[in-house]
Amino acid sequence: MGRATALAFARQGTRVMIADRDEAGGRETVSMIEALGGQARFRKTDVAHESEVKAVIDEGVSAFGTIEFAVNCAGITQPALPLLEQPDDLYDRLFDVNTKGVWLCMRHQLAHMVQQGKGAIVNVASAAGRIAQASLSTYCGSKFAVVGLTGSVAREYAGAGIRINGIGPGAIDTPIVSQYLANNPNALDPILAKHPIGRMGLPEEIAEAALWLCSDGSSFVVGHMLMVDGGFSTY
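Quick notes on the rules
- Residues numbered from 1 in each chain as written.
- Predicted model: local features only at pLDDT ≥ 70, side-chain atom pairs only at ≥ 80, totals over all residues.
- Heavy atoms only, no water.
- Core = buried A, V, L, I, M, F, W, Y, C linked by side-chain atoms within 4.5 Å.
- Buried < 20%, exposed > 50% of the residue type's maximum accessible area, 1.4 Å probe, protein only.
- Axes fitted to C-alpha atoms, helices over the stretch in contact; angles between N-to-C directions.
- Helix = DSSP H or I, 4+ residues; strand = E, 2+ residues; numbered from the N terminus.
- Parallel < 35°, antiparallel > 145°, perpendicular 65-115°, else oblique.
- Left-handed = near helix turned anticlockwise from the far one by under 90°.
- Contact = heavy atoms within 4.5 Å.
- Nonpolar A, V, L, I, M, F, W, Y, C, P; charged D, E, K, R; others polar.
- Expected span 1.5 Å × (residues − 1).
- Arc of directions from axis to C-beta.
- Polar contact = N/O pair within 3.5 Å; in protein donor to acceptor, adjacent residues only side chain to side chain.
- Pairing = 2+ DSSP bridges.

Colleague: Just checking my understanding: could you explain the nonpolar core for this structure?
Modeller: A general feature of soluble globular proteins is that nonpolar side chains tend to end up buried together. In this structure, Met-106, Leu-110, Ile-121 and Ile-164 are the most contacted members of the largest nonpolar core, which totals 31 residues. The next biggest cluster of nonpolar side chains, apart from the first, holds 24 residues, and it includes Ala-6, Ala-40, Ile-167 and Ala-210.

So this is what it looks like as structure tokens:
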């Protein structure tokens, strides 16, 4: 989803700063953007660490002169386990990345955007941040927190010319989901059954939602969680 979003913004002429723990993947995305004639930079970043978050945002502003848009979509999932079977360190890692990572990114993005008097931030949560899922309690908790964080901070900074919104993806055809299905081949039908549209989503569909939330077409949209989930959250 991050790569698809970076490419989508680049096609619109946006200069892109990419942050990821996967250095090879991040640099490959830069090459893909440059092949399109766009500009991009990469910095290896773990969003759970404030110093790394600050460094990548500062580098982007230094290189490009401004930060108009930010899409915070780093995230990890958990194995499907009831609470009593979850390892002790699972909670800390999920909340450090999925929740604190968004919190840290917004803090350092907003520090620049407030000075500019404008900007748009999109936080990628999950349909599981609206609809609780058995055996995914810690993941759901981390994503429910992103939903609340997004709405609260959006109210704080709307008057400063900064719009903050979120996206709630359903099951998206990504490497994480593909690996999960490879290990759990009987899981596909139950997943599709929760999506009235009858299929998984594509990373590009999340990217298009992020583009719209950062565009002038959504200029009156603030604190909204846009569910891009094939009807999952209608249950």
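Colleague: So what exactly am I meant to see when it comes to the packing of helix 4 (residues 90-116) against helix 5 (residues 137-157) here?
Modeller: The axes of two packed helices give the description: the angle between them and the distance between them. Running from N to C, helix 4 and helix 5 point in directions that differ by 15 degrees, and their axes come no closer than 9 Å. In this view, helix 4 runs roughly parallel relative to helix 5, as classed from their interaxial angle. Like other packed secondary-structure pairs, helix 4 and helix 5 cross with a definite hand, here right-handed. Each of Leu-90, Tyr-91, Leu-94, Phe-95, Asn-98, Thr-99, Val-102, Trp-103, Met-106, Leu-110 and Val-114 in helix 4 lies in contact with helix 5, whose residues at this interface are Thr-138, Tyr-139, Gly-141, Ser-142, Lys-143, Ala-145, Val-146, Leu-149, Val-153 and Tyr-157. Tallied by class, residues from the contact of helix 4 with helix 5 come to 15 nonpolar, five polar and one charged.

Colleague: Just to check I follow, could you spell out helix 2 (residues 23-35) for this structure?
Modeller: For an α-helix, the turn length of 3.6 residues means that residues three or four places apart are oriented alike. Counted at 1.5 Å a residue, the expected span for helix 2 with its 13 residues is 18 Å, and the 18 Å between its end C-alpha atoms agrees. Within the span of helix 2, buried status applies to Gly-25, Gly-26, Thr-29, Val-30 and Ile-33. One side of helix 2 carries all its buried residues, which in axial view fall inside an arc of 145 degrees. Opposite the buried face of helix 2, by more than 90 degrees, sit the exposed residues Ala-24 and Ala-35. Residues of helix 2 that are buried make contact with helix 1 (2-11), strand 1 (16-20) and strand 2 (40-44). Two or three places before Ala-24, at the start of helix 2, stands the capping residue Asp-22, its side-chain oxygen 3.3 Å from that residue's backbone nitrogen.

Colleague: Quick question: what am I supposed to make of the side chain of Asp-229 here?
Modeller: Summarising the element assignment, Asp-229 is placed in the segment after strand 6 (225-228). Here Ser-233 takes part through its side chain, which lies 2.6 Å from a polar atom of the side chain of Asp-229. Not counting the four nearest positions on each side in its chain, Asp-229 is found in contact with Ala-127, Gly-168, Pro-169, Gly-170 and His-195.

Colleague: Teacher, can you tell me more about the sheet that holds strand 4 (residues 119-124) here?
Modeller: Sheets are built from strands paired through backbone hydrogen bonds, the pairs being either parallel or antiparallel. Strand order in this open sheet of four strands is 3-4-5-6, and the pairing throughout is parallel. With one partner strand each, in any of the chains shown, strand 3 (69-72) and strand 6 form the two edges of the open sheet. Pairwise comparison of adjacent strand axes, ignoring direction, gives a mean angle of 20 degrees for this sheet. Bridging between strand 3 and strand 4 involves four bridges; their strand directions are parallel.

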